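Listed below, chain by chain, are the residues.
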Protein chains: 4
Amino acid sequence: MTSTIKKIGVMTSGGDSPGMNAAIRAVVRTCAFHKIKCIGIYRGYQGLIEGDMVEMSARSVRNIINRGGTILKSARSQEFRTKEGRKKAHDSLVKNGVDALVVIGGDGSFTGGMIFNEEFGYPVIGIPGTIDNDIFGTKFTLGYDTALNTAVEAIDRIRDTASSHDRLFFIEVMGRDAGHIALNVGVGAGAEEILIPEEDLGLDRLLESLEKSRVTGKTSSIVVVAEGDKTGENVFQLAEYVEKNMPDYDIRVTVLGHVQRGGTPTCRDRVLASRMGVKAVETLLEGKSNFMVGISNDELNLTPLERAVKGKSEIDKELIRVSDIMTT
Amino acid sequence: MTSTIKKIGVMTSGGDSPGMNAAIRAVVRTCAFHKIKCIGIYRGYQGLIEGDMVEMSARSVRNIINRGGTILKSARSQEFRTKEGRKKAHDSLVKNGVDALVVIGGDGSFTGGMIFNEEFGYPVIGIPGTIDNDIFGTKFTLGYDTALNTAVEAIDRIRDTASSHDRLFFIEVMGRDAGHIALNVGVGAGAEEILIPEEDLGLDRLLESLEKSRVTGKTSSIVVVAEGDKTGENVFQLAEYVEKNMPDYDIRVTVLGHVQRGGTPTCRDRVLASRMGVKAVETLLEGKSNFMVGISNDELNLTPLERAVKGKSEIDKELIRVSDIMTT
Amino acid sequence: MTSTIKKIGVMTSGGDSPGMNAAIRAVVRTCAFHKIKCIGIYRGYQGLIEGDMVEMSARSVRNIINRGGTILKSARSQEFRTKEGRKKAHDSLVKNGVDALVVIGGDGSFTGGMIFNEEFGYPVIGIPGTIDNDIFGTKFTLGYDTALNTAVEAIDRIRDTASSHDRLFFIEVMGRDAGHIALNVGVGAGAEEILIPEEDLGLDRLLESLEKSRVTGKTSSIVVVAEGDKTGENVFQLAEYVEKNMPDYDIRVTVLGHVQRGGTPTCRDRVLASRMGVKAVETLLEGKSNFMVGISNDELNLTPLERAVKGKSEIDKELIRVSDIMTT
Amino acid sequence: MTSTIKKIGVMTSGGDSPGMNAAIRAVVRTCAFHKIKCIGIYRGYQGLIEGDMVEMSARSVRNIINRGGTILKSARSQEFRTKEGRKKAHDSLVKNGVDALVVIGGDGSFTGGMIFNEEFGYPVIGIPGTIDNDIFGTKFTLGYDTALNTAVEAIDRIRDTASSHDRLFFIEVMGRDAGHIALNVGVGAGAEEILIPEEDLGLDRLLESLEKSRVTGKTSSIVVVAEGDKTGENVFQLAEYVEKNMPDYDIRVTVLGHVQRGGTPTCRDRVLASRMGVKAVETLLEGKSNFMVGISNDELNLTPLERAVKGKSEIDKELIRVSDIMTT
């Protein structure tokens, strides 16, 4: 490949997710493979504005494929939301001779990249890194698979206690706008009920369903609730409401929280990150820009950043039905 | 061994803990080894009152050594707190020909056993099963080692995010009356501060210490807080207070909660449970009663139930010092 | 759905794989949902011949979704390879009023099912359960995702030692005919070389590549070798050959072996198993037969058993290239 | 504390074990706490001879408490076995102004330290780091607890397959001279037989015991064999012998190997390492030397290096009995 791109910058932005380090490694090594330079930008767009960056070689990403979080750190940047901030960021890239940018992050990070590309005609490629799996244009985002396993393992543990004490547990998992985690974790953990933002069953349906379970002799139950679910005001109020209406149940609440975000990435997240890193760099080298790398049918693809940002990932309706059948 | 005891009952009582199943298995198999009968009592003292029990053979405890929770289930019993309740329980044992009882549980369960022994002269042996490690007369309780590892793993995950975002995390771990979990988990996870019920540092000391960390360039920090710590009203208020006084910090709170209680027991908890189960049965067969089996210096010992209940397990002062040195 | 099928049998056959229990659970519960009967057949075709089966209800599959292995057990059956054996098996199904069969297993199990269907016109549906992922007609088989993670975790551990001692490790992973595990695990674990049955690089290429690594300053290396790789006679001879030719290297061999086969299934394997179980039963109820349920582009599909058996799953060539780039 | 020691060197030597990094961290931070310098020596005695060392601050050991292996690497040194080699090593320390040495390792490492101390009157303190737990003067060595859990987890996985296929598995665990790992792992994993170097049951006893199991209806079994066990020539020959004599059994062999050596240390190993690191440095500062830090009854102690090297850690006879009872 011959290309005018001689130096690529890579950054992580937004909430961290397992697999980000594997993606950084892949970007860096693909640059080395194609004999172009690679520079790591710290703390996302804010670091970019401040010129907080360092050159990276194949060696500098040794032994990070299995680490959670991001060695390049992440941060939110108010300044990048202003035209002046973005100007500084662009100056910083020009000054450091960086010809193109790979941004690993979510929706917000891509919006930033898209505007940046519009304003300066600067080549940007996105890699979807977020545990929520709520990005249009890709079946899977980096970190999602790991988060599913972390949450399922945690619920397996809680079920030991639930069964031992005949209790009803409400367990909140991540997903402010999307129920992907809740739905898959719920099916994977054998939850009796799954509450997601995409489907408001209403409080009555929930009570009814729990009552049905109780009658058929289930003495312990797990209800998985997505952070963004609107059935109750929040998981604690939900639990309170049920407790008031079904005093027989001994109810507990657990919010899994940030535990879901970190940890050693699964094999799948590592492999996906490696593939996406290669694709991101080679797409830039082919002269393309303003795309997000995604995966569909186990093959990599490209989605214009704008569509990735504006589109909406959809919940798997069939899986909702599977869940209903499993809790017969 | 010749003994008048021909049938032993085993139950779990109070909060469940990993290793309880391994202890049940050990009690059942030791009975089989000594060719006496063993009966499993469901749902602790409540099940005893209701006569909810079943005969168990070496085969009926197959493949449970690695399971969290308790196959015999656990429950609190208001009825057993009354003399009438205990009378029913005793009748139930007599009716079923059970000559002695092994109770796996914590403080409350032993108190019940002790009173029961006093009132009816009925042979009872206790095995300490609780993740809190707060029982006098034993260095380690069943489930404690597992809970430490579960909590440390969870904090390892959170640290990935803390480092990636330069955040300060307050993490609440279990321990209403005792700081054993918090102290060991804090040292094991490399926490910057550890707040335990046994030591009230006060809010000022906490701010001071965090300020010191900040000045020396630490950008992310973990504070481990025992459930029962009294520095703030609770972990959320604590975090709020710090946030108000140190606005530079980006603070998050995670309550590990019931995740710590379940899960596959560690090797150590399984071995300890096996040893204690043997000891409990053989102590009864030797004609002794009203003791708790404990471990000290890697050797099993016996403590009168009364002392186990009234004594107080002490926090390891040396470890507090180690923690201070580690956060230099 | 109205259907002539009133009772479905389910069995596991061939090597066990994580997710088989989740699939059994799904088959049983989908039968319950559609108000038809379900019967579990022990020890695969051999148990079928012997009439070793038991009726199963939604309750009988409680708490198995997270267990490795198969509660229905598995076995090879010489007898089923004979016409007489299959006749006995058919008689056994007729006698027990079983109208259709769901077989969870691999190639060999499907061949059996196919012949059985041919000879007796008996409805059979297959679910691909094998860690090797070598079944035509599905992107993923049950257990494959779990095996990948188990192997990657093991190699992460070994890498600690490899780095600490500047050693070269040859690690054999499962895969007699297919390199799927080796290739994905190799990429996921950041292996320096990956040897798979589909590509014979030859011993010289291996030496050359290791020499290149050595020269660029890599002091420790991991080579992942698929069981069925033909570069050396076996992994031990391979290591010996390299040791003779590169005496500078301190070489060790580890055969991961059966550890890869068991364990708690990942979230993905549990969800896949649940979906496939539903699909298998509902396909039978729709009057279709002689298919294998598969997944492609995250959607379930059906492949005639004959094609599933005769077709060949192909290795991901792009991933071989990714691996090469990563070890630049 | 006032002391003539102003700079301490720390190294790891011999086989790596989980917890070594936590111990390095503790040594470094305790030096920082006492405001003395600390220097990390790479690759054990060999690195010492070559002067391969670097100054370490509290910051340089950040985020290593949870990593397996050793960041200081380890190596064997033929040269240090000669007087000339040790002379070079001593010169190297003098030249770098290092006043005392903390050696983290096993028997061999301590022997080196002891001779070194004898020849040059140089202050040396040992910290027992080895997964084998075979050091006299301490109940527990660093890495032992982690290795136990790694092995038990692996066997849990194998048991899934063993039960599913009614197989007999021979599983070799580490322990060339000592059966600590095998005995504890065997009890923890619920093995039917445990073969250790300390007790030669003989092949006949093994056959007899397996036959007994078979007769009582056990269809699957796990035999845990210590590397150094002498019942058969090795685990493969052992399996072959049993297969020949008990053709009914379907037998498999797994050698866990180096997987046991790495991985994230358990909470206990991290805490123990932290405590031992503090003790090692403070012992030197108190003017003492030529001791190994150990733990007994959960309290730290000191054993003269000579006794640590010459003494023999003993197997827990009571636990052998527990194992026998458990397999009734």
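Worth saying up front: this structure is predicted, and the values here are computed from it rather than measured.

Engineer: Mind showing me how you'd approach the UniProt feature "active site" (unreviewed entry) in chain A here?
Structural biologist: Residue and element names in this part refer to chain A. UniProt tags Asp132 as "active site" (unreviewed entry). Judged by relative accessible area, which is 17%, Asp132 ranks as buried. With residues near it in sequence (within four places) discarded, Asp132 still touches Tyr144, Met174, Gly175, Ala178, His180 and Ile181.

Engineer: Can you help me understand unusual backbone geometry in this one?
Structural biologist: Negative phi values dominate among residues other than glycine, just as trans dominates among peptide bonds. Within the chain, A:Asn297 stands out as a residue other than glycine whose phi angle is a positive 55 degrees. Relative to the elements of secondary structure, A:Asn297 occurs in the loop between β10 (291-296) and β11 (299-304). Residue class for A:Asn297 comes out partly exposed when judged on its relative accessible area of 28%. Positive phi, normally seen in glycine, also occurs at B:Asp166, with a value near 50 degrees. With respect to the helices and strands, the residue B:Asp166 is situated in the loop between α5 (144-165) and β6 (167-173).

Engineer: Please explain the UniProt feature "binding site: ADP" (unreviewed entry) in chain A as it appears in this structure.
Structural biologist: Residue and element names in this part refer to chain A. Summarizing the sequence annotation, UniProt attributes the feature "binding site: ADP" (unreviewed entry) to Arg25, Ala26, Val27, Val28, Arg29, Arg159, Gly190, Ala191, Glu192, Lys218, Thr219 and Ser220 in the numbering used throughout. Look at the named residues: they lie 196 residues apart in sequence, and the longest C-alpha span between them is 53.5 Å, so in the fold they stay spread out. With respect to the helices and strands, Val28 occurs in helix α1 (residues 20-33). You can call Val28 buried: its relative accessible area is 1%. When sequence neighbours within four positions are dropped, the list of residues in contact with Val28 reads Cys38, Met56, Ser57, Ala58 and Val61. Within the secondary structure layout, Ser220 lies in the loop between α7 (202-215) and β8 (221-226).

Engineer: Could you clarify how one ought to interpret the interface of chain D and chain C in this entry?
Structural biologist: Size of an interface: often given as the accessible area lost when the parts come together. Each partner contributes to the interface: chain D provides 33 residues, whereas chain C provides 33 residues. Summing both sides of the interface, chain D and chain C together bury roughly 2400 Å²; the carbon and sulfur share of this comes to 48%. Of all residues in chain D, the largest losses of buried area upon contact with chain C belong to D:Arg157, D:Ser164 and D:His258, amounting jointly to 26% of the total for that side. Linking chain D with chain C are two salt bridges, by the criterion used here. In this structure, the salt-bridge partner of C:Asp166 is D:Lys73, at a minimum N-O distance of 2.8 Å.

Engineer: Sorry if this is basic, but what is going on with the relation of the copies chain D and chain C here?
Structural biologist: What connects the two chain copies is a rotation about an axis and a shift along it. Aligned on chain C, chain D shows an RMSD of 0.0 Å; the corresponding rotation is 180 degrees and the shift along the axis is 0.0 Å. Viewed as a symmetry operation, the transformation between the two copies matches a two-fold axis. Comparing contact sets, 100% of the residues at the interface of chain D also lie at the interface in chain C, consistent with an isologous, same-surface contact.

Engineer: Would you explain helix α3 (residues 83-95) of chain D in this entry?
Structural biologist: Quick reminder: α-helices carry 3.6 residues per turn. Residues three or four places apart thus point the same way. All names here are of chain D. Along its 13 residues, α3 runs 18 Å from first to last C-alpha, staying within 8% of the 18 Å computed at 1.5 Å per residue. When we look at burial in α3, the residues that qualify are Gly85, Arg86, Ala89, His90, Ser92 and Leu93. For α3, the buried positions fall inside an angular range of 155 degrees around the axis, keeping them on one side. Turned more than 90 degrees from where α3 packs its buried face, Lys83, Glu84, Val94 and Lys95 sit exposed. Looking at the packing, one finds that the buried side of α3 touches β2 (37-41), α2 (44-50), β3 (53-55), β4 (100-105) and α4 (107-120). At the exit of α3 stands Gly97, carrying a positive phi of roughly 70 degrees.

The rules behind the values
Residues numbered from 1 in each chain as written. Chains lettered and ligands numbered in written order. Predicted model: local features only at pLDDT ≥ 70, side-chain atom pairs only at ≥ 80, totals over all residues. Heavy atoms only, no water. UniProt positions renumbered as here; feature names shortened; annotations may be inferred. Buried < 20%, exposed > 50% of the residue type's maximum accessible area, 1.4 Å probe, protein only. Contact = heavy atoms within 4.5 Å. Helix = DSSP H or I, 4+ residues; strand = E, 2+ residues; numbered from the N terminus. Buried area = accessible area lost by both parts, 1.4 Å probe. Salt bridge = Lys/Arg side-chain N within 4 Å of Asp/Glu carboxyl O. Least-squares fit on C-alpha atoms with pLDDT ≥ 70 in both. Expected span 1.5 Å × (residues − 1). Arc of directions from axis to C-beta.

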